[in-house]
Amino acid sequence: MAAVDTTALAAIVSTCFSWSQDATLPSDQRWTYYNLGLHLRAELVDAYTATFPDTDTRIAALNTQLGGINTDLAAEQAIESSYAQNVNKVTSALNILDQLFMMVPK
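Counting restarts for each chain: residues are numbered from 1 in the order of the written sequence. Local features in a predicted model are, by the rule used here, given only for residues with pLDDT of at least 70; side-chain atom pairs are given and counted only at 80 or more, and totals for whole chains, interfaces and linings are based on all residues. No hydrogens and no water enter the side-chain calculation; it runs on all heavy atoms of the structure.

This next bit is on the overall build of the protein chain. A run of H or I in DSSP counts as a helix once it spans at least four residues, and a run of E counts as a strand once it spans at least two, with each numbered from the N terminus. Along the backbone of the protein chain there are four helices and zero strands. When the helices and strands of the protein chain are placed in sequence order, the string is α-α-α-α. In terms of overall dimensions, the protein chain has a C-alpha envelope of 45 × 25 × 20 Å along the principal axes. Burial here depends on accessible area, computed with a 1.4 Å probe over protein chains only, as a share of the maximum for the residue type. Under 20% is buried, over 50% is exposed, and the range in between is partly exposed. Put simply, the protein chain has 106 residues, and 41% of those count as buried. Residues count as neighbours in contact if any of their non-hydrogen atoms are within 4.5 Å of one another. Look at the contacts in the protein chain between residues 6 or more apart in sequence, and 79% of them connect residues 24 or more apart. Positive: Lys, Arg. Negative: Asp, Glu. His and the chain ends are not part of the count. Lys charges are placed at NZ, Arg charges at CZ, Asp charges at CG and Glu charges at CD. In the protein chain, 5 positive and 11 negative side-chain charges are present, and the distance between their average locations comes to 5 Å.

Aromatic ring pairs: the centre-centre distance and the angle between the two ring planes describe each pair. Only rings of Phe, Tyr and Trp enter the pairing, Trp through its six-membered ring, and a pair is recorded when the two centres are within 6.5 Å. The plane angle decides the type: under 30 degrees is stacked, over 60 is edge-to-face, the rest tilted. The full count for this structure, using the stated rule, is five aromatic pairs. Note on Tyr33 and Tyr83: the rings are 5.6 Å apart at their centroids and 85 degrees apart in plane angle, and the pair reads as edge-to-face. Highlighted residues: Tyr33 in helix α2 (residues 27-49) and Tyr83 in helix α4 (residues 83-102), separated in sequence by 50 residues. Grouping residues by exposure puts Tyr33 and Tyr83 together as buried.

In this section: helix α1 (residues 6-20). Multiplying one less than the number of residues by 1.5 Å gives the expected span of a helix. For α1, built from 15 residues, the straight-helix expectation of 21 Å at 1.5 Å per residue is met to within 8% by its first-to-last C-alpha distance of 21 Å. Contacts described as polar in this section are N or O atom pairs within 3.5 Å, which, within protein, must combine one atom able to donate a hydrogen with one able to accept it, while residues neighboring in sequence count only if both atoms come from side chains. Measuring from the backbone nitrogen of Thr7 back to the side-chain oxygen at the start of α1 gives 3.2 Å, which picks out Asp5 as the cap.

The quantity called pLDDT is the predictor's confidence in a given residue, expressed from 0 to 100. When pLDDT is averaged along the protein chain, the result is 84; 91% of the residues meet or exceed 70. Model confidence for the protein chain, summarised as mean pLDDT per element, is weakest for helix α3 (residues 57-76) at 83 and strongest for α1 at 91.

For the rest of this paragraph, the subject is the packing of α2 against α4. Convention adopted: a line fitted to C-alpha atoms gives each axis, helices being fitted over their contacting stretch, and angles between N-to-C directions are expressed from 0 to 180 degrees. Look at α2 against α4: their axes get within 10 Å of each other, and the N-to-C directions meet at 25 degrees. Here α2 lies roughly parallel to α4, going by the angle between them. Where α2 crosses over α4, the two elements pack in a sense that is left-handed. In contact with Asp28, Gln29, Thr32, Tyr33, Leu36, His39, Leu40, Glu43, Asp46 and Ala47 of α2, α4 contributes Tyr83, Asn86, Val87, Val90, Thr91, Leu94, Leu97, Asp98 and Phe101. Along the lines of polarity and charge, the residues of the contact of α2 with α4 split into ten nonpolar, five polar and four charged. The scheme is simple: roughly parallel for angles under 35 degrees, roughly antiparallel for over 145, roughly perpendicular for 65 to 115, oblique for anything else. For any helix crossing, the convention is left-handed if the near helix is rotated counterclockwise from the far helix by under a right angle, and right-handed if that rotation is clockwise. Residues are grouped as follows: Ala, Val, Leu, Ile, Met, Phe, Trp, Tyr, Cys and Pro are nonpolar; Asp, Glu, Lys and Arg are charged; every other residue, Gly included, is polar.

Structure, rendered in C-alpha coordinates:
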(Lines give C-alpha, C1' and ligand atoms only; values in the text may rest on other atoms or scores of the structure.)
Protein backbone atom coordinates (compact mmCIF):
# COMPACT_ATOMS: atom_id res chain seq x y z
CA MET A 1 0.00 0.00 0.00
CA ALA A 2 1.17 3.51 -0.80
CA ALA A 3 1.17 6.24 1.83
CA VAL A 4 1.67 9.98 1.91
CA ASP A 5 5.13 11.09 3.09
CA THR A 6 4.08 12.38 6.51
CA THR A 7 7.61 13.51 7.39
CA ALA A 8 7.71 15.88 4.42
CA LEU A 9 4.17 17.04 5.09
CA ALA A 10 4.94 17.72 8.77
CA ALA A 11 7.98 19.79 7.76
CA ILE A 12 5.80 21.93 5.48
CA VAL A 13 3.27 22.41 8.29
CA SER A 14 6.08 23.47 10.61
CA THR A 15 7.45 25.94 8.06
CA CYS A 16 4.02 27.45 7.48
CA PHE A 17 3.50 27.96 11.22
CA SER A 18 7.01 29.38 11.62
CA TRP A 19 6.48 31.87 8.85
CA SER A 20 3.09 32.81 10.27
CA GLN A 21 5.02 34.13 13.29
CA ASP A 22 7.70 35.97 11.28
CA ALA A 23 7.25 39.65 12.09
CA THR A 24 9.29 40.65 9.04
CA LEU A 25 6.51 39.42 6.75
CA PRO A 26 3.39 41.51 6.08
CA SER A 27 0.40 40.46 8.17
CA ASP A 28 -1.60 39.20 5.18
CA GLN A 29 1.24 36.83 4.27
CA ARG A 30 1.59 35.63 7.86
CA TRP A 31 -2.16 35.02 7.95
CA THR A 32 -2.01 33.03 4.70
CA TYR A 33 0.80 30.83 6.02
CA TYR A 34 -1.13 30.31 9.25
CA ASN A 35 -4.25 29.19 7.37
CA LEU A 36 -2.23 26.90 5.11
CA GLY A 37 -0.59 25.40 8.20
CA LEU A 38 -3.97 24.75 9.82
CA HIS A 39 -5.37 23.08 6.71
CA LEU A 40 -2.24 21.01 6.14
CA ARG A 41 -2.14 19.94 9.80
CA ALA A 42 -5.67 18.58 9.43
CA GLU A 43 -4.57 16.73 6.29
CA LEU A 44 -1.55 15.38 8.18
CA VAL A 45 -3.84 13.69 10.70
CA ASP A 46 -5.63 11.92 7.84
CA ALA A 47 -2.32 11.09 6.16
CA TYR A 48 -1.11 9.11 9.18
CA THR A 49 -3.86 6.55 8.73
CA ALA A 50 -4.71 6.63 5.03
CA THR A 51 -3.27 4.08 2.65
CA PHE A 52 -3.78 3.85 -1.06
CA PRO A 53 -3.26 1.11 -3.63
CA ASP A 54 0.32 0.88 -4.91
CA THR A 55 -1.12 1.37 -8.38
CA ASP A 56 -2.19 4.93 -7.52
CA THR A 57 0.62 6.92 -9.13
CA ARG A 58 -0.66 10.16 -7.62
CA ILE A 59 0.82 9.24 -4.25
CA ALA A 60 4.35 8.86 -5.61
CA ALA A 61 3.96 12.11 -7.53
CA LEU A 62 2.60 13.87 -4.45
CA ASN A 63 5.46 12.61 -2.29
CA THR A 64 7.96 13.90 -4.84
CA GLN A 65 6.13 17.23 -4.90
CA LEU A 66 6.17 17.45 -1.08
CA GLY A 67 9.91 16.82 -1.01
CA GLY A 68 10.45 19.49 -3.64
CA ILE A 69 8.35 21.98 -1.70
CA ASN A 70 10.42 21.36 1.42
CA THR A 71 13.64 21.90 -0.51
CA ASP A 72 12.33 25.11 -2.06
CA LEU A 73 10.95 26.46 1.21
CA ALA A 74 14.19 25.78 3.05
CA ALA A 75 16.22 27.52 0.33
CA GLU A 76 13.98 30.56 0.10
CA GLN A 77 13.53 31.17 3.84
CA ALA A 78 10.32 33.13 3.28
CA ILE A 79 11.82 35.63 0.88
CA GLU A 80 8.98 38.02 0.24
CA SER A 81 9.42 37.90 -3.53
CA SER A 82 8.86 34.13 -3.36
CA TYR A 83 5.65 34.43 -1.36
CA ALA A 84 3.18 33.88 -4.22
CA GLN A 85 5.24 31.03 -5.62
CA ASN A 86 5.49 29.34 -2.19
CA VAL A 87 1.76 29.67 -1.58
CA ASN A 88 0.97 28.26 -5.03
CA LYS A 89 3.21 25.23 -4.45
CA VAL A 90 1.72 24.48 -1.06
CA THR A 91 -1.84 25.07 -2.26
CA SER A 92 -1.28 22.73 -5.21
CA ALA A 93 -0.15 19.94 -2.89
CA LEU A 94 -3.04 20.69 -0.56
CA ASN A 95 -5.54 20.36 -3.41
CA ILE A 96 -4.11 16.96 -4.33
CA LEU A 97 -4.36 15.85 -0.70
CA ASP A 98 -7.96 17.04 -0.50
CA GLN A 99 -8.85 15.04 -3.60
CA LEU A 100 -7.10 11.91 -2.35
CA PHE A 101 -8.64 11.99 1.10
CA MET A 102 -12.14 12.45 -0.29
CA MET A 103 -11.79 8.94 -1.72
CA VAL A 104 -10.75 7.36 1.59
CA PRO A 105 -13.60 5.95 3.64
CA LYS A 106 -13.79 7.48 7.09
